[in-house]
Amino acid sequence: GENVEQHPSTLSVQEGDSAVIKCTYSDSASNYFPWYKQELGKGPQLIIDIRSNVGEKKDQRIAVTLNKTAKHFSLHITETQPEDSAVYFCAASKGSGYSTLTFGKGTMLLVSP
Amino acid sequence: DVKVTQSSRYLVKRTGEKVFLECVQDMDHENMFWYRQDPGLGLRLIYFSYDVKMKEKGDIPEGYSVSREKKERFSLILESASTNQTSMYLCASRTTGANNEKLFFGSGTQLSVL
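Because the structure is predicted, anything quoted here is derived from the model rather than measured. (Residues numbered from 1 in each chain as written. Chains lettered and ligands numbered in written order. Predicted model: local features only at pLDDT ≥ 70, side-chain atom pairs only at ≥ 80, totals over all residues. Heavy atoms only, no water.)

A. The pattern of salt bridges, seen in detail. Applying the stated criterion to the full structure yields twelve salt bridges over all chains. The partner of Glu-39 of chain A in a salt bridge is Lys-42 of chain A, with the nearest N and O atoms 3.4 Å apart. Judged by relative accessible area, Lys-42 of chain A falls into the partly exposed class, the value being 47%. Linking Lys-18 of chain B and Glu-79 of chain B is a salt bridge whose minimum nitrogen-to-oxygen distance equals 3.6 Å. Of this pair, Lys-18 of chain B sits in the loop between β2 (10-13) and β3 (19-25) while Glu-79 of chain B is found in the loop between β8 (73-78) and β9 (87-94), placing the two residues 61 residues apart along the sequence. For Glu-79 of chain B, a relative accessible area of 42% translates into the label partly exposed. Linked by salt bridges that have partners in common, Lys-37, Glu-39 and Lys-42 of chain A make up one network. (Salt bridge = Lys/Arg side-chain N within 4 Å of Asp/Glu carboxyl O. Buried < 20%, exposed > 50% of the residue type's maximum accessible area, 1.4 Å probe, protein only. Helix = DSSP H or I, 4+ residues; strand = E, 2+ residues; numbered from the N terminus.)

As structure tokens, this is what we get:
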């Protein structure tokens, strides 16, 4: 089955800095790569996703890049703010309506004012 | 907005008890999922269901069962709770079909088994 590795497990940055979280996956058939953000006391929420036919996707201060050859993808957050503090999960799946997501172990991001 | 509601935020049970965790979604989603979340282990899939009366094992189904009698409700059952089942349990739902992989999560149930 699919295996998703996520690094780092914790990340501390100063407000305004950039943050980068990296994930690798093992199954070359995976073609859908979402990122979820989990705030304290809440369930994870989808913030951005990318499919294998695209190398990069941006949404305001967040972006995701995908390297299919190397089987890794990354989340980039620019101009970090304290409200970005949360646990972030990457995931991978084969992208069909009947596929399931395999999640990474999560990264706790702390943005200090 | 899609709402996935888990019946309890915190639950304390004793070893050997039968435990029911309930999840209800209000968006007529076909697919529903149960995950458990443990520090350092991320989210692991226990069971999922593509439709009413259907169920599929996830990655860690041992010690659990599920029930999906109605489309909106998906129950996770711990037949005989054990201390190693102390965890945060997250329910999720999504619609079906291509390009519809977005999961909607509930807020979770923190279960402590003593």
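B. Inspection of the sheet that holds strand β1 (residues 4-7) of chain A at higher detail. Residue and element names in this part refer to chain A. Taken together, the five strands give an open sheet; going across it, the order is β1-β3-β8-β7-β6, and neighbouring strands pair in antiparallel fashion. The open sheet has two edge strands with one neighbour each: β1 and β6 (56-59). Strand-to-strand twist in this sheet, taken as the mean axis angle between neighbours without regard to direction, amounts to 15°. When strand β7 (residues 62-67) meets strand β8 (residues 72-77), the two strands line up antiparallel, connected through six bridges. Within the sheet, the bridge partner assigned to Asn-67 lies in β8 and is His-72. (Pairing = 2+ DSSP bridges. Axes fitted to C-alpha atoms, helices over the stretch in contact; angles between N-to-C directions.)

C. How the structure looks around unusual backbone geometry. The linkage connecting His-7 of chain A with the following residue, Pro-8 of chain A, adopts the cis geometry, with an omega of -5°. Within the secondary structure, Pro-8 of chain A sits in the loop between β1 and β2 (10-14). Even without glycine at this site, Lys-71 of chain A takes up a positive phi of about 55°. The topology assignment puts Lys-71 of chain A in the loop between β7 and β8. Its identity is not glycine, yet Asp-28 of chain B carries a phi of approximately 60°, on the positive side. Inspection of the secondary structure puts Asp-28 of chain B in the loop between β3 and β4 (31-38).

D. Molecular detail of the sheet that holds strand β1 (residues 4-6) of chain B. All names here are of chain B. If you walk across this open sheet you meet the four strands as β1-β3-β8-β7, and the pairing is antiparallel. The sheet terminates laterally at β1 and β7 (64-70), the two strands that pair on one side only. Ignoring which end each strand starts from, the neighbouring axes of this sheet average 20° apart. Summarising the sheet, β3 and β8 pair through six bridges and their orientation is antiparallel. Each bridged residue has a counterpart across the sheet, and for Val-19 the counterpart in β8 is Leu-78.

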